[in-house]
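Given next are the chains, with one letter for each unit.
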Amino acid sequence: MSTRQERRRQERLAKKQPNKGLEYNQWAEGKGKENIYEMDVQMIQPWSVPIFKTTLPPEILQTMIEISDQVIADKDAKSHGEYLAGQIDSELSIEHDLLEQTGVMGFFMGAVRQFVIQCKCQMMPNMIEAVQREEWLIQMLTMWIVSQQPGEYNPMHIHTQCTISSVMYLKVPKMLPSKKEHRPYDDGSILFVSNASRDVDLSVPNIVIHPTPGDFFIFGAQQQHAVYPYRCAEGQKETERRSISFNAIFQSKADFDRGKKLDTPVAVVPPGKSRPE
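Quick notes on the rules
- In this convention, every chain numbers its residues from 1, walking through the sequence in written order.
- The predicted origin of the model limits local features to residues at a pLDDT of at least 70 and limits the giving and counting of side-chain atom pairs to 80 or more, whereas totals for whole chains, interfaces and linings rest on all residues.
- Note: side-chain values were computed over all heavy atoms of the structure, leaving out hydrogens and water.
- Residues form patches when they are more than 30% accessible in relative terms and have no salt bridge. Like charges link within 9 Å. Nonpolar side chains (Val, Leu, Ile, Met, Phe, Trp, Tyr) link within 5 Å.
- Each accessible area is a Shrake-Rupley result for a 1.4 Å probe, and residues are judged covered by the shown protein chains and nothing else.
- By definition, a salt bridge exists where a carboxyl oxygen of Asp or Glu is found within 4 Å of a side-chain nitrogen of Lys or Arg.
- Two residue types count as positive, namely Lys and Arg, and two as negative, namely Asp and Glu; His and chain ends fall outside the count.
- Here the site of a charge means atom NZ of a Lys, CZ of an Arg, CG of an Asp or CD of a Glu.
- Segments assigned H or I by DSSP are reported as helices when at least four residues long, segments assigned E as strands when at least two residues long, and all are numbered from the N terminus.
- Think of it in three bands: with a 1.4 Å probe and only protein chains considered, a residue is buried below 20% of the maximum accessible area for its type, exposed above 50%, and partly exposed in between.
- Here a polar contact is taken to be a pair of N or O atoms separated by no more than 3.5 Å, where protein atoms must pair a possible hydrogen donor with a possible acceptor and residues adjacent in sequence count only if both atoms sit in side chains.
- The distinction between a cavity and a pocket rests on a 1 Å grid over the protein atoms alone: a 1.4 Å probe fits inside a cavity but cannot get out, while a pocket stays open yet meets protein on both sides within 12 Å along at least five of seven lines, and a residue with an atom within 4 Å of a point counts as lining.
- Grid points are joined across faces, edges and corners, and a volume is the space filled by probe spheres set on the points.
- For this classification, the nonpolar set comprises Ala, Val, Leu, Ile, Met, Phe, Trp, Tyr, Cys and Pro, the charged set comprises Asp, Glu, Lys and Arg, and every other residue, Gly included, is treated as polar.
- For two strands to pair, DSSP has to find at least two bridges joining them.
- Axes, fitted as lines to C-alpha atoms, cover a helix only where it is in contact. Angles between the N-to-C directions of the axes lie from 0 to 180 degrees.
- Any Phe, Tyr or Trp ring, taking Trp's six-membered ring, that has another such ring centre within 6.5 Å forms a pair; planes under 30 degrees apart are called stacked, those over 60 apart edge-to-face, and the others tilted.
- To estimate the expected span of a helix, count its residues, drop one, and scale the result by 1.5 Å.

Engineer: Explain a positive patch on the surface to me, please; I cannot follow it from the model alone.
Structural biologist: On the surface, a cluster of positive charge is contributed by Arg-4, Arg-7, Arg-8 and Arg-12. Mapped onto the secondary structure, Arg-8 falls in helix α1 (residues 3-16).

Written as structure tokens, this is what we have:
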């Protein structure tokens, strides 16, 4: 390499230095990478609640489809819509005895328990062993079906009088594509929004997820979320987007044995409101 070329290369490298007072690190050129280090890494994030996403086992998915079919076909089924934010006609309650009779109640309680343990370990990284040793008591409060049709939607909302919420997807119809190519994933998707994201170069404050049958989400009850409407082709027979949600509460057995009152948020400030409801 000529002297002039070398000088220009050094000038370019000097401009790339983040701090002129620091010696240039040759790792930027790939040098020094022959050293490989084994390091334990811990990601610490106690200030936000994660969203638990998994896929229902096939037998659980099939059982929930059969339960919802039974409830929807029942003319005496109880509507849960008066307690919900959705602009949706069909929102029916599922009684606990159906879950117990079919043996799926334990599955959902176990999933919520794992979510609680993961959140508590994230919340208290110095007490992970104690969190894992603790017995966590879970109680399901209400469960309901959302039988959504084209044009219906769920506005931004949270869930009250509980600490944990969930949604599982049973049926997703074929939908018309979005009218705008640069927004292909909005229609029929669920949107989760949080205000915990401040470093915009490393995180984003929201995520849009286009669900598929079997998707199962568990999240904190104060997690803001919404469901977008969708369109189907004219004359299409299968247009239902069916999901099931439930609310739950939890408490450690140690707190329960001490007689500690469960702290369930009743008065909360919904999105877009300035006062608790």
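Engineer: Can you walk me through the side chain of Ser-189 in this structure?
Structural biologist: Looking at where Ser-189 falls in the secondary structure, it is placed in the loop between β5 (164-171) and β6 (190-193). Its relative accessible area of 0% is what places Ser-189 among the buried residues. At a separation of 2.3 Å, a polar atom in the side chain of Ser-189 contacts the main-chain carbonyl oxygen of Tyr-185.

Engineer: Looking at this structure, how should I read the layout of surface pockets?
Structural biologist: Gaps between atoms show up when a probe of the same size as a water molecule is rolled over them. Estimates place the volume of the largest pocket at around 1600 Å³. Along the wall of the largest pocket there are 50 residues; nearest its centre are Trp-47, Ser-48, Val-49, Pro-50 and Gln-122. Listing elements by their share of the lining of the largest pocket, those giving two or more residues are α4 (105-123), β6, β7 (206-209), β8 (215-220) and β10 (241-252). Among the elements that make up the lining of the largest pocket, the one with the highest residue count is α4 (six residues). Residues belonging to the lining of the largest pocket are distributed by class as follows: 27 nonpolar, 15 polar and eight charged.

Engineer: I keep staring at the sheet that holds strand β9 (residues 224-227) and nothing clicks. Help me out?
Structural biologist: Strand pairing in a sheet takes place through backbone hydrogen bonds and is either antiparallel or parallel in direction. The strand order β4-β9-β6-β7 describes an open sheet built from four strands, whose pairing is antiparallel. A single partner strand is all that each edge strand has here, and the edge strands are β4 (154-157) and β7. Looking at each pair of strands side by side, their axes are set apart by 15° on average, direction ignored. Of the pairings in the sheet, the one linking β6 to β9 comprises four bridges and is antiparallel in character. Bridge pairing links Ile-190 to Val-227 in β9.

Engineer: Where do I start with the packing of aromatic side chains in this structure?
Structural biologist: Aromatic ring pairs: the centre-centre distance and the angle between the two ring planes describe each pair. By the definition in use, this model includes ten aromatic pairs. On the numbers, 5.7 Å between centres and 80° between planes, the contact of Phe-108 with Phe-216 is edge-to-face. In this pair, Phe-108 is assigned in helix α4 and Phe-216 in strand β8, connecting sequence segments 108 residues apart. Given a relative accessible area of 1%, Phe-216 falls into the buried group. Each residue in the set Phe-107, Phe-108, Phe-216 and Phe-246 is aromatic and connected to the rest through ring pairs, giving one cluster.

Engineer: Got a minute to help me understand α4 in this structure?
Structural biologist: Helical geometry: 3.6 residues make up each α-helical turn, so side chains three or four residues apart lie on a common side. When the terminal C-alpha atoms of α4 are compared, their 27 Å separation across 19 residues agrees well with the 27 Å that a helix rising 1.5 Å per residue should span. Buried within α4 we find Met-105, Phe-108, Met-109, Ala-111, Val-112, Phe-115, Val-116, Ile-117, Cys-119, Lys-120 and Cys-121.

All quantities given are derived from atomic positions and should not be read as evidence of function.
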